[in-house]
Amino acid sequence: MLKKPCALLCSYNKPYNLCNFQLTSPCPSTQLSEQQRIDNYVPRQVFSTFQRRTFATVRDDPPSNREIQWPKLKSATAVPTPYQIFQQKKSAPYSKRRFYELVKLYHPDRHCQDDIGSESSGLSFSTKVERYRLVVAANEILSHPDKRKAYDDHGAGWNGRPDANARRQEWGNDENGHWSGFHDNSSPARNATWEDWEKWYQRNDKGKRVQQETVYFSNEGFLSLIAIIACLGGIGQATRIGDQKKSYLKQIETVHTDCSHDAQRRMEEAQGILDTDLQVWRPLEDLCINKVRPEKKSTSWTSGRGPALIDTSIKPLSMATNLPHLPAVERISPRVIRILGGNPGKFTLQGTNTYLLGTGRERLLIDTGEGKPIWREQLSSVLKEEQASISHVLLTHWHIDHVSGVTDLLELCPDAEIYKNRPSASQHDIPDGCSFRTEGATLRSVHSPGHTVDHTVFVLKEDDAMFTGDNVLGHGTAVFEELSAYLDSLKKMRQQFTGRAYPGHGEVIEDGVARIDEYIAHRQLREDQVLQVLEDGKPRMPMELVKIIYKDVPENLHEPAAQGVLQILQKLERERKVVFLDDVRWQITKKAAL
C-alpha cells in the first residue's frame, strides 16, 4: 500500500525544495536494531521542513524543558510514582496537561526525531519506550477515581519495577524448613493452580517425590460405581420417606389421643347433667332399645295440625334402673375370658370389656381398657394362671376407654404386636376380612364404621359369635358419628354370624342378630317420627323436633337428643327427603310428603 508523500502532510503554506528529500524513512521500522537506527539517521537540516508539525496542546506556547523534565530519583533503577511523573500533589485534582506533553515527547513514532536539547535527547530507544509506558499507566490510574483511590490505599495497579535496593519476598523454605510467605495475603501460593504446584514440585523436589500415575476406569467399573451411587441414593430417599411417614403417623396418633381426651371430658360433663337419682332413667324409656310387641295402631302425640297416626307395634321398653353385676374376670366360653377395664360409668356401663382369646400359651387380646391399674393387675393374674402370654392385640376403635391400656400391656408382654384400623406409627393395620389365628381361636375382621370411622368388629369362627365393639352394647343404645354409615354397618354385621354377641360394654348378648335387628328398628322408628312431624310442611329446627318427639324427657336432656335428631336430618337430606334452608331450619320435600 502506497503511503502519502511527506510533502502533503506539511503544515506550512510555502513551497518546499523537494530535491532535498531523501528516500530514507524518517520513522524507521521498530524491527530495526539500535545500530541500524543510528546508521540511518538523517541530519535534521536536510528534511526539517518536512518534520515540523503542529500538535494539540493545552496552551499555544510550548512548555519549557524544565517543565517536562523526568522526575529525578535517588536510584537509577527506581521507578517514579504517578504523582512524581506528572509533578502533581497527591491531594490535588488531576490534570492531563503534563500527560499530553510527555506523550508527545516519548511517543514511539518520535524516537528518531529528537529535538536537540530536549529531555528525550540522547536517551536510548528502550528507555523512551519504558517512560512512555509509565506515562500511559500513570494516566490510567490517576484519571479514574476508583483506580486512583485503590492506588492511594494499596498501591494497586502500578506495574512499575520495584527499586533494586528494596527487599524482595522470597518464596520457598525458610531456615527452619517450613514454608514461608503463606501467611501473607499477597502470597502467590494463594492463587496457584494445580499445574503450578506440579511444576514447583518437579523443579524443587529433584525427583524425590513419587510421580503420580494416571488411573483409568473401565466401563464396567464406571457403571458399577453409578449403580452403587444410585442404590445409596435410593436407600437414603427411602429412609427419608419412612421418617416422614412415621412423623405423619405420629401426628395422627397425637390427634387421636387429643380427641379421645376431649371425648372423655365431654362424656364426664354430660354425666354431670344427669341426676344422680336412678329414677331419672325412667323418663328415658323412649330413648332406649325397642322390643317388638304386637299392638294396634293408636293415636298419640300431634305434629301441629292434629292427631297423627304412629305405629306403636314397636313399643319401647324401660331401661333397667340397676345394671346387672358383672364379675371382674369371667370365662364366658371355653376359649374366651372377659376382663373388665375397671372404669365403670353411665357411658361405659360396668366398664370396658376386654377379651382374652385362645387355649394355648399364646393368646389374642381384644381392646385394652382405659389404662386403670386394676385392669393391669387382673390381666397379669390371668396370664399367670393360664401360663400364657399375649402375641397380638386387636383394638376395635380409637376411643380412649379402649386403647389407653396399650402401654401397660406392652410392659407385661413386650413382644405383643398392636393392630388397629387406621393405625398409628407403632401399630399395624387391620384391613377388612383379615384373619388372626391362635391355638383354639380364629378371628376375622369386619370393618364397620359408624360409631367411629375406624371401628372394627371381629367374628369368632369357633363360637359363631361376634365381638361387636361399641356398635352394639349389652345395655341401651350406642352413639354414632354418621348415621348412614352406622346403619350400613349394622346391616353388614347381622350377616356375618348367627350366635352370641360379645359387646364392648355390658353383658353378653345371647341372640346377637336379634339385638342388631332391634337397633335397626329403633333407628327407623326415630326416622319415621321425624318425617311425621315434618309432614305439615312447616320448617322446623332440630330443637323444635326434640320438644315434640321427646316431650316426656326432661329438658336437661333435650340438647343431647337434638344431636341425634340432627344426624337423622342429615341422613334424610342425603336421601333427598328433607332440605336444609338458609337458616337452621329443615323442611320436608314434596317427594317425601307424598
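What you see is a predicted model; the values in this text were computed from it and never measured. (Residues numbered from 1 in each chain as written. Predicted model: local features only at pLDDT ≥ 70, side-chain atom pairs only at ≥ 80, totals over all residues. Heavy atoms only, no water.)

What follows deals with a nonpolar patch on the surface. A grouping of Phe217, Phe222, Leu223, Leu225, Ile226 and Ile229 is seen on the molecular surface, where their side chains present a nonpolar patch of about 600 Å² in accessible area. For Phe222, the position within the fold is in helix α8 (residues 219–273). (Patch = residues over 30% accessible without salt bridge, like charges linked within 9 Å, V, L, I, M, F, W, Y side chains within 5 Å. Areas by Shrake-Rupley, 256 points an atom, 1.4 Å probe, with all protein chains shown as cover. Salt bridge = Lys/Arg side-chain N within 4 Å of Asp/Glu carboxyl O. Helix = DSSP H or I, 4+ residues; strand = E, 2+ residues; numbered from the N terminus.)

Turning to helix α9 (residues 373–386), a few remarks are in order. With 14 residues, α9 should reach 20 Å at 1.5 Å per residue; the first-to-last C-alpha distance of 20 Å fits that figure. Buried residues along α9 sit against β7 (329–333), β8 (336–340), β9 (353–357), β10 (362–366), β11 (389–395) and α11 (406–412). Of the residues one or two after α9, Gln387 is the one with positive phi, at around 50°. (Expected span 1.5 Å × (residues − 1). Contact = heavy atoms within 4.5 Å.)

Bringing the packing of helix α13 (residues 512–534) against helix α14 (residues 542–549) into the picture now. The axes of two packed helices give the description: the angle between them and the distance between them. Their axes nearest at 10 Å, the elements α13 and α14 cross at an angle of 105°. One way to sum up the angle between α13 and α14 is to call them roughly perpendicular. Seen from α13, the contacting residues are Arg526, Gln529, Val530, Val533 and Leu534; seen from α14, they are Leu545, Ile548 and Ile549. Taken together, the residues of the contact of α13 with α14 break down into six nonpolar, one polar and one charged. (Axes fitted to C-alpha atoms, helices over the stretch in contact; angles between N-to-C directions. Parallel < 35°, antiparallel > 145°, perpendicular 65-115°, else oblique. Nonpolar A, V, L, I, M, F, W, Y, C, P; charged D, E, K, R; others polar.)

Looking now at the packing of aromatic side chains. Here the structure, examined in full by the defined rule, presents eleven aromatic pairs. With a centroid separation of 5.2 Å and an interplanar angle of 15°, the aromatic rings of Phe480 and Tyr486 are classed as stacked. Of the two residues, Phe480 and Tyr486, neither departs from the other in class, the shared state being buried. Each residue in the set Phe86, Tyr94, Phe99 and Tyr100 is aromatic and connected to the rest through ring pairs, giving one cluster. (Phe/Tyr/Trp six-rings, centres within 6.5 Å; stacked < 30°, edge-to-face > 60°. Buried < 20%, exposed > 50% of the residue type's maximum accessible area, 1.4 Å probe, protein only.)

Once that is clear, we can look at the side chain of Asn353. With respect to the helices and strands, the residue Asn353 is situated in strand β9. Here Tyr355 takes part through its side chain, which lies 3.4 Å from a polar atom of the side chain of Asn353. Non-local contacts of Asn353, meaning those with residues more than four positions away in its chain, are made with Arg338, Ile339, Leu340, Ile366, Asp367, Pro503, Gly504, His505 and Gly506. (Polar contact = N/O pair within 3.5 Å; in protein donor to acceptor, adjacent residues only side chain to side chain.)

Now for unusual backbone geometry. The general pattern is negative phi for most residues beyond glycine and trans for most peptide bonds. With phi around 55°, Leu349 is a residue other than glycine that occupies positive phi space. Its location among the elements puts Leu349 in the loop between β8 and β9. Its identity as a non-glycine residue notwithstanding, Asp464 has a phi of 50°, on the positive side. If you trace the backbone, Asp464 turns up in the loop between β15 (456–460) and β16 (465–469).

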